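Overview (structure and organization)
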Amino acid sequence: MSLLRGRSIAPLAVILVGLTSGCSTPVGRNVPAAPAMSPVSPSLETLARGALARIDGELGLPGLKAPVEVIRDEWGIPHIYADNDGDLFFAQGYVMAQDRLWQMELWRRWHEGRLAEVFGPEALDYDRRTRLMMFRGPWDQTEWASYHAEAERLFTAYADGVNAYIEQNRANLPVEFQLTGLVPDPWTARTVVLRWAALAVSSLRGHAISEIQLALDVARYGVEEANRRSAPAPWDDLKVPEGLDVSIISKEMLDGMRAGDGDPFEPGKLKPLEVLPQYRSLVSGVRTARVSSDAGAMEGSNNWVMSKERSTTGAVTLANDPHRRIEMPALRYFVHLVAPGWNVIGGGEPPFAGVDAGSNASMAWGFTFAGTDMVDTYVEEMHPDDANLVRWQDGWEPLRIIRETIPVKGRGPEEVVLKFSRHGPVFYEDLAHRRAYSVRSVVQEAGTAAYKGSFQLAQATSCADFFDRAMHWLIPTHSLICGDKEGNIALQVTGLTPDRDGWNGRLPVPGNGKYEWRGFRTDLPREMNPERGYIATANNNVHPPGYSGRPVFYHSSKGVETSRIARLHQILGTGEKLSVDDHKRIQHDVRSLAAERDLEAFRGWTSDEADIEWARGLIASWDATLTKESTAAALYVRWREAADNTGGGLTAPAGDPARRVRVETALRTAIAGLTKELGPDRSQWRHGRIQASDLPHMMASAFDLPTVERPGGFGTINATGANFRRIIDLADPDRSVASNSPGQSAQPGSPFYGNLVNNLGNGEYFPLLYTRGAVEKRAAHRLTLRPADR
């Protein structure tokens, strides 16, 4: 789940270069120049310049116990050195607010159900859903200790650091706050552990909406055909739970479930934020963003870890690129945290506390989405005379009711009534059939704030230690990989996974007591030091060969892309020893196995139509690589889409005239579409143009960064959503590399606003420096935070 997802975006160009307040470029340092931006109104320029965070010199901060050093290297990565962990996380909160406070504010409003307060009535569905699904306690050690033994104290320190920046800069907040007049509220430890609240987020596989959709299909097609269309993997003979009447489940219910679900910051979901009158002439509001046609592949991820025998250095190498929509600012952020007991470097997403994917002196870890089923839909039988009583076993019990008031910009507040059964929040009431539909989700369990199990992993000492710590990673469901200095490699599937007795959660179940969770699974798949010499995952079915236990998830052979994992095995399975540079090339591999399979359909025949023959010949002689410059790649991608959209497919055998007709028809559609999309000059039909990422600022077009043409996508390892990349060399951590575009800072005018934008398209990395000596050699800005009286 990401913030400010403007669309599928490309390289950035930086704005207001050199306007940094208190920032200077050290003489002799090769600090990357920020890409030039369009001319800016003096008034807007003044706002941006005045709002820049100070990243050099000294600052006094009440709440610190001792001085903290913050060294930003040439690429904008802050390396934070503290004498104790409380000051360390206080400083991290302060630094994150310096660079990403506006992003953090919108994330917080979303997850607190407070969007309508600033966006107006259009956001009410999101606020209702969030308030219905949010975690409401208890706020005791079952919550905090799941993340880390000192989690409450450390999260409080982080929140205090955020608050220190807000208070110190209340009259000079980042430019977006000034344009809108919004003022951030203080943070607390509870802010750090706000939950994901959707019924159908991609990282809660087996979600409530898919259960209702499958039930609708059973009612329409019957059990056998509905299951065939669902195509579960591993295969499951679908059974309708006893007592479930699929005939009363309606499309209206499905539509109601979808209202307010998902990401409110996707293009077109919400109207632009209102800008203060004095600034309206300077900004254009939120622009509609172009979404890449590779949307289905953007949410994937790749990771792999190579044994020391398979590495040129004689030590383990780990590579990870979790995919999400490309956006401005980037979803994730890199940081290095150093204090007694802590020396971890890596990155994460809002609220940014700690390091979600990282490495320390002993080991490294990475993740891809796995897919354990963490949500179940319950059909509660209502009492004939009282809609607030539901059946439980042989009697009736009351729903818990909470009433809340949602402030709404531009109109009066909205009163909402939230109902909860013993299973969880009620998201739909069917009064005609006397049924209430509730959802039990693990996000209502203690310890399920997203990624915060990473606080355990940050202090792991080995892959053996990793296994136990990984089981604290409750949300999202991930395939975590590990590599350590001792030469071990490991996999642990994670996610708080319900233990269902005699049923599997693919369809809704009656809430009368016959279908209850009996705890949580402890038998999730794991692997250590396999003979093949590597472990790789790419959102694939990771039940190990010969796994005989109950499946922990059901993928769909229709819905899960297998080309990336197949290509990874093709490359990694050769037995060759690989270097860091080799892993860079693998992360940017653009060979399409799907295209390889389709090429035969373009060979062995000719067309009488000149345009069709030109396109056919180009694809037939193509090498199935999706480079930026390739016209054949652009034609193939649009042809594949046209073939899929018309249901033509390539199921007929080679030589069948009907198959050729379908190929030609889709080619005709592709040519017409590219002519309209890219113009009549076919020399400009580059794949990079249809695989481009835009990087708009949310409010002011003057702060936009340029569109980046990119290779890959469409099922290749170099997927559209690949941006945050790491390659960790455990032989020498200073040889590790990373990428994350467009830049670390979200403040227009910062030297780190768009300095990394071109990496999005050119495949370049920056060094992920770890030792103090290496950091000092590439230091660009140095800020000392000192204790001060309140």
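Residues numbered from 1 in each chain as written. Predicted model: local features only at pLDDT ≥ 70, side-chain atom pairs only at ≥ 80, totals over all residues. Heavy atoms only, no water.

Quick word on the pattern of salt bridges
Two side chains carrying opposite charge are able to pair once their charged atoms lie near each other. Taken as a whole, this structure holds 63 salt bridges when the rule is applied. Of the charged contacts in the structure, one is a salt bridge between Glu143 and Arg195, with a shortest N-O distance of 2.8 Å. Separated by 52 residues along the polypeptide, Glu143 in helix 5 (residues 141-147) and Arg195 in the loop between helix 8 (189-192) and helix 9 (208-221) bring together distant segments of the chain. Note on accessibility: Glu143 and Arg195 belong to one class, buried. Across the pair Glu776 and Arg782 runs a salt bridge whose closest N-O atoms are separated by 2.8 Å. Given a relative accessible area of 26%, Glu776 falls into the partly exposed group. Members of the salt-bridge network, linked through shared partners, are Glu105, Arg108, Arg109, Glu112, Arg114, Glu117 and Asp185. (Salt bridge = Lys/Arg side-chain N within 4 Å of Asp/Glu carboxyl O. Helix = DSSP H or I, 4+ residues; strand = E, 2+ residues; numbered from the N terminus. Buried < 20%, exposed > 50% of the residue type's maximum accessible area, 1.4 Å probe, protein only.)

Some details on empty space enclosed by the protein
If you walk through the whole model with that rule in mind, you get eight cavities of 30 Å³ or more. Roughly 120 Å³ of volume is contained in the largest cavity. Lining the largest cavity are 17 residues, and of these Trp102, Glu176, Pro329, His697 and Ala746 sit closest to its centre. In terms of residue count, helix 2 (residues 85-112) provides more of the lining of the largest cavity than any other element does, seven residues in total. In the lining of the largest cavity, the residues fall into ten nonpolar, four polar and three charged. Taken as a whole, the second largest cavity spans an internal volume of roughly 90 Å³. Counted by class, the lining of the second largest cavity contains five nonpolar, four polar and four charged residues. (1 Å grid on protein atoms, 1.4 Å probe; cavity = no way out; pocket = protein on both sides within 12 Å on 5 of 7 lines; lining within 4 Å. Points joined across faces, edges and corners; volume = space filled by probe spheres on them. Nonpolar A, V, L, I, M, F, W, Y, C, P; charged D, E, K, R; others polar.)

Looking at the sheet that holds strand 21 (residues 509-510)
With respect to topology, four strands assemble into an open sheet ordered 16-17-11-21, the strand pairing being mixed. The open sheet has two edge strands, strand 16 (426-430) and strand 21, and neither has a second partner. Note that strand 11 (residues 375-381) and strand 17 (residues 435-441) share seven bridges and pair antiparallel. The residue bridging Val379 from the neighbouring strand is Tyr437, located in strand 17. The strands that helix 9 touches are strand 11 and strand 17; relative to strand 11, the one it contacts most, it runs at about 60 degrees. (Pairing = 2+ DSSP bridges. Contact = heavy atoms within 4.5 Å. Axes fitted to C-alpha atoms, helices over the stretch in contact; angles between N-to-C directions.)

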